[in-house]
Amino acid sequence: MIEIKNVSKVFKTKEGTVDALRDVNITIPDGDIFGIIGMSGAGKSTLVRCINMLEKPTKGSVLIDDTDLCTLSEKQLRKVRKNVTMIFQSFNLLMQKNCLKNVCFPLELAGVKRADAKKRALELLELVGLQDKAKAYPAQLSGGQQQRVAIARALATDPKVLLCDEATSALDPNTTGAILELIADINKKLGITVVVITHQMSVVERICKHVAIIDDGCVAEQGEVAQVFADPESDAAKQLVYSDELSKIIDQCGGFGHTVRVVFNGAEAAKTPLIAQLAESKGILANIAYASTKSIGDKAYGSMILGIDGDEKVLAQSLDFITSIKGITAREVFVNDK
């Protein structure tokens, strides 16, 4: 378990001091995929660097399995970092070494025999789907392939925690999806705890179980992904959730009595023709003003904005029907929610 307790981080600059983090409290269960999301400059990257002590908190504590990393010597921290590894947006591969040697590198630093390191590296390249690229150099690989090598290298020391700092930001949408599926698969197979740092809601929605929203160095809101995104309470959460939807709501739902946001978080896509069922079973017509949904297997993920005409009774019937379907949440939203 990772426990971040009352963590603050102050940087000193020529212009004065900057409070990058202020009294942050987060608990990340073992085996979780935990998202930390925020706008640029919110403090999320500073926070992830505090988890592995690349940045030491000005105050507070970071505990991993009840060990306070803030109290450890540099030598002790080097041992901890074998269990807490990291992947980055820029991949950070050694360009002069091929894929196999890149993955072997942390093992050789740890004193593993060359033959054993090679065997383990080949196993990890197979795990990330690059067993045929062992002798290729990073410059010969696509961005997604380079990130797969970086993931294999990060797993070389059998870590308990994998930190992903904007790991998919440099990738196209299709490649991003493939990398996220790989991370989720590794979490499932190895039981490794994953902390995902991102500014993209779609990344958190895709693989995270819990999320903390960082705003101006503070935790604005945290909880289960489905609950936080379905019913955001803080201004920061609302800005993330509604940022690209409000104009569509205003333009397309202006003539309707109620605007409802529907969130799909694992509903059975093929068995849920939602709007047709609402009209057929309840006689309620809904206008789809905005929809951004996708199917992963037979499950639906994403969100939809509906315009529903009628009184409060009609609204209540609509919400009761929609939320009776497993994997779907819904609530009325207003323009001033932002």
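Refer to the preceding data block for the structure.
The rules behind the values
Residues numbered from 1 in each chain as written. Predicted model: local features only at pLDDT ≥ 70, side-chain atom pairs only at ≥ 80, totals over all residues. Heavy atoms only, no water. Axes fitted to C-alpha atoms, helices over the stretch in contact; angles between N-to-C directions. Helix = DSSP H or I, 4+ residues; strand = E, 2+ residues; numbered from the N terminus. Parallel < 35°, antiparallel > 145°, perpendicular 65-115°, else oblique. Left-handed = near helix turned anticlockwise from the far one by under 90°. Contact = heavy atoms within 4.5 Å. Nonpolar A, V, L, I, M, F, W, Y, C, P; charged D, E, K, R; others polar. 1 Å grid on protein atoms, 1.4 Å probe; cavity = no way out; pocket = protein on both sides within 12 Å on 5 of 7 lines; lining within 4 Å. Points joined across faces, edges and corners; volume = space filled by probe spheres on them. Pairing = 2+ DSSP bridges.

(A) Seen up close, the packing of helix α11 (residues 274-282) against helix α12 (residues 312-323). At a minimum axis distance of 11 Å, the contact between α11 and α12 shows a crossing angle of 125 degrees. Here α12 runs oblique to α11, going by the angle between their axes. Viewed along their axes, α11 and α12 form a crossing whose handedness is right-handed. Together, Leu274, Gln277, Leu278, Ser281 and Lys282 of α11 and Ser318, Phe321 and Ile322 of α12 make up the contact between the two elements. For the contact of α11 with α12, the residue count by class is four nonpolar, three polar and one charged.

(B) The arrangement of the layout of surface pockets in detail. Approximately 650 Å³ is the volume found for the largest pocket. Lining the largest pocket are 19 residues; nearest its centre among them are Arg81, Thr85, Met86, Pro106 and Leu109. Listed by contribution, the elements that provide at least two residues to the lining of the largest pocket are β6 (84-88), α3 (99-109) and α5 (143-154). Broken down by element, the residue count for the lining of the largest pocket peaks at four residues, all from β6. Split by residue class, the lining of the largest pocket holds eleven nonpolar, four polar and four charged.

(C) Representation of the sheet that holds strand β2 (residues 16-28). Overall, antiparallel pairing links the four strands, which are arranged β2-β1-β4-β5 in an open sheet. Each having just a single partner strand, β2 and β5 (67-68) make up the two edges of the open sheet. In the sheet, strand β1 (residues 2-13) pairs with strand β4 (residues 59-64) via five bridges, with the strands oriented antiparallel. Bridge pairing in β4 places Ile4 opposite Val62. Sitting on the sheet, helix α1 (residues 44-51) is in contact with β1, β2 and β4, with an inclination near 65 degrees to β2.

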